[in-house]
Amino acid sequence: MFLSADQKERDSATAYRMTMEVLGTLVGAAIQGQIVASAHTLKHCPTHNMSAGYLGNSSGTEIIKSLAYTQDFLSHAKEVYMIAAGVIGGVFLVCTVVMFLGVRERDDPYTPHTEKQISFHEGFILVMRHGPYLILTAAFLFVTVAIQLVQSNFVLFCTYAADLRDHFQNIVLTILVSAVVSIPLWQWFLQRFGKKTAAFCGITWIMPFTLMLVFIPNVVVAYVVAVSSGLSVAASLLLPWSMLPDVVDDFRLANPCSKGHEAIFYSFYVFFTKFAAGISLGVSTLCLEFAGYDTGACKQPAPVVYTLKLLIGAAPVAFIVTGLMILLLYPITEDVRLRNKVCLEELRKQGTTSKTMEDLSHV
């Protein structure tokens, strides 16, 4: 959706949007966390292990009572998660209605109004051939996979590998608060030092801290890692959406007769990154399954703990390094961005002049 031709306005709108997105995630996590907190207390776990020896030394009545209590706990967990899903779904619906009624799209001023529209198929081919877009999408695809691996396995890591089950909800909230607070910082940083530099600094920041949590899993380190990770989460959310408009501007200069293809850029960026995130979730689930993960168990075997450490530490670092290596090839530096801005202003003036002459000819 085209909202503004001014780069500063677009960057400010992007920062505001991402701040609201992370703030919404924070509110959603707080609401859902309070609703489902009782499903993560592990009160269904006995104080002693349900080992074979224990089963052999226990009466049948005790075993039946324990299994019945576990079933009640699982039913309660299902109920509270259904309630949380309904509440979050209602909030999502309200936000969608506000967006639909409150946002107005502007006309693209960079192209004449009389030109023939390019079909979606032709526009798609042009977009997929645009080098900066492919580089940016591939780079942040790997970064998104890394962040998704950490997010999807963090609860299990805190519960079974770091013995932080009583703190993980507060740690998640700390990450989100840190991300909300740091988005204005990254907005200032990218204006001062450039978007590509900000991307490298912000995304690399998470790597040493995730490894630190793997090797030193205690409460103090966990909260330090949470604050530091929030900085990188904010950068990974803000920077790609701030850089995509620059790619669209570069595309306009390379294809001056193309109009209205912003939706292709944004929709396929979301598709590729979400698809990769979904693949990462599936792979991590398979890894835990092969390692012997037992759903609902009070304690997991050693291979599962080792797999969780890999999914939180080594794997995300490898994906981030790969993404940053690809991002080195990204050609739109600050000099190129400023040059494109000047050229687009000239193109906009030409479009305005041609429209004025067309109106005069009709008079």
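Just so we're clear, the structure is a prediction, and the values are computed from it rather than from any experiment. Going along each chain's sequence as written, the residues are numbered from 1 onward. The predicted nature of this model means local features are confined to residues of pLDDT at least 70 and side-chain atom pairs, given and counted, to a pLDDT of 80 or more, with totals for whole chains, interfaces and linings taken over all residues. As a rule here, side-chain values cover all heavy atoms of the structure and leave hydrogens and water aside.

(A) Examining the overall build of the protein more closely. Along the protein, the regular secondary structure elements total 12 helices and zero strands. Whether two residues touch is decided by their heavy atoms; if any such pair falls within 4.5 Å, the residues are in contact. Across the protein, every contact between residues at least 6 apart in sequence was considered, and the portion connecting residues at least 24 apart equals 85%. We get accessible surface area from the Shrake-Rupley algorithm with a probe of 1.4 Å; when it comes to residues, only the shown protein chains can shield them. Of the accessible surface of the protein, which amounts to about 19,500 Å², a share of 68% is contributed by carbon and sulfur atoms. Strands here are runs of E lasting at least two residues and helices are runs of H or I lasting at least four, both read from the DSSP assignment and numbered beginning at the N terminus.

(B) Region of interest: the nonpolar core. Only buried Ala, Val, Leu, Ile, Met, Phe, Trp, Tyr and Cys residues count toward a nonpolar core, and they belong to the same one when joined by side-chain atoms within 4.5 Å. When a residue's accessible area, from a 1.4 Å probe over protein chains only, is under 20% of the maximum for its type it is buried; when over 50% it is exposed; and in between it is partly exposed. Grouped together as the largest cluster of nonpolar side chains are 75 residues, with contacts concentrated most on Y133, F140, L239 and L327. Top contributing element to this core by residue count: helix α5 (residues 131-161), with 17 residues. Setting aside residues no more than four positions away along its own chain, L239 makes contact with F140, L190, K195, A198 and A199.

(C) Region of interest: the packing of aromatic side chains. Note on aromatic contacts: the rings of Phe and Tyr and the six-membered ring of Trp form a pair at centre separations within 6.5 Å, being stacked when their planes are under 30 degrees apart, edge-to-face when over 60 apart, and tilted otherwise. Tallied over the entire structure, the rule returns 16 aromatic pairs. Between W241 and Y269 the ring centres are 5.4 Å apart and the planes differ by 85 degrees, which places this aromatic pair in the edge-to-face class. With W241 in helix α9 (residues 219-254) and Y269 in helix α10 (residues 262-291), this residue pair connects regions lying 28 residues apart in the sequence. The exposure class assigned to Y269 is buried, which follows from its relative accessible area of 4%. Their ring planes at 20 degrees and their centres at 5.9 Å tell us that F271 and F275 sit as a pair that is stacked. You can see F271 and its partner F275 sitting in helix α10, four residues apart, about one turn around the helix.

(D) Representation of the pattern of salt bridges in the model. Any Lys or Arg side-chain nitrogen located within 4 Å of an Asp or Glu carboxyl oxygen qualifies as a salt bridge. In total, this model carries three salt bridges according to the counting rule given. Here D246 ties to K195 by a salt bridge, and the two come within 2.7 Å at their closest N and O atoms. Separated by 51 residues along the polypeptide, D246 in helix α9 and K195 in helix α7 (residues 195-204) bring together distant segments of the chain. Linking D249 and R252 is a salt bridge whose minimum nitrogen-to-oxygen distance equals 3.0 Å. Remark: R252 and D249 occur in helix α9; sequence separation between them is three residues, near one turn of the helix.

(E) Fine view of the packing of helix α6 (residues 168-193) against α7. Put simply, α6 and α7 touch, their axes get as near as 7 Å, and they point 130 degrees apart. In terms of orientation, α6 lies oblique with respect to α7. Residue-level contacts link W186, F189, L190 and F193 of α6 to K195, T197, A198, C201 and G202 of α7. For this classification, the nonpolar set comprises Ala, Val, Leu, Ile, Met, Phe, Trp, Tyr, Cys and Pro, the charged set comprises Asp, Glu, Lys and Arg, and every other residue, Gly included, is treated as polar. Here the residues of the contact of α6 with α7 are counted per class, giving six nonpolar, two polar and one charged. Each axis is a line fitted through C-alpha atoms, taken for helices only over the stretch in contact, and angles between the N-to-C directions span 0 to 180 degrees. For classification purposes, angles smaller than 35 degrees are called roughly parallel, those larger than 145 roughly antiparallel, those between 65 and 115 roughly perpendicular, and all remaining angles oblique.

(F) A look at the environment of A226. By secondary structure assignment, the location of A226 is in helix α9. Dropping the residues within four chain positions of it, A226 is found in contact with I171, T174, I175 and S178.

(G) Spotlight on the environment of Q151. Counting through the fold element by element, Q151 comes out in helix α5. Measuring from C-alpha to C-alpha, the distance between Q151 and L281 comes to 9.8 Å, with 130 residues separating the pair along the chain.

(H) Spotlight on unusual backbone geometry. For D163, which is not a glycine, the phi torsion comes out positive at approximately 55 degrees. Tracing the backbone shows D163 in the loop between α5 and α6.

(I) Summary view of α9. Multiplying one less than the number of residues by 1.5 Å gives the expected span of a helix. Over its 36 residues, α9 extends 52 Å from the first C-alpha to the last, a length consistent with the 52 Å expected when each residue adds 1.5 Å. Among the 36 residues in α9, 27 count as buried, and that is most of the element. Where α9 begins, the capping side chain belongs to N218, and its oxygen is found 3.2 Å from the backbone nitrogen of V220. Whenever a nitrogen or oxygen atom comes within 3.5 Å of another N or O atom, the pair is scored as a polar contact, on the condition that within protein one atom can donate a hydrogen and the other can accept it, and that pairs from neighbouring residues in sequence are kept only if both atoms are in side chains.

(J) Structural view of the packing of helix α8 (residues 206-215) against α9. At a minimum axis distance of 9 Å, the contact between α8 and α9 shows a crossing angle of 155 degrees. In terms of their interaxial angle, α8 and α9 are classed as roughly antiparallel. Crossing angle aside, the handedness with which α8 passes α9 is left-handed. On α9, the residues that touch I206, F209, T210, M212 and L213 of α8 are V221, A222, V224, V225, S228, S229 and S232. Its residues placed into classes, the contact of α8 with α9 shows eight nonpolar, four polar and no charged. Whether a crossing is left-handed or right-handed is set by the direction in which the near helix is turned from the far one by less than a right angle, anticlockwise for left-handed and clockwise for right-handed.

Geometric descriptors of this kind do not, in isolation, establish any biological role.
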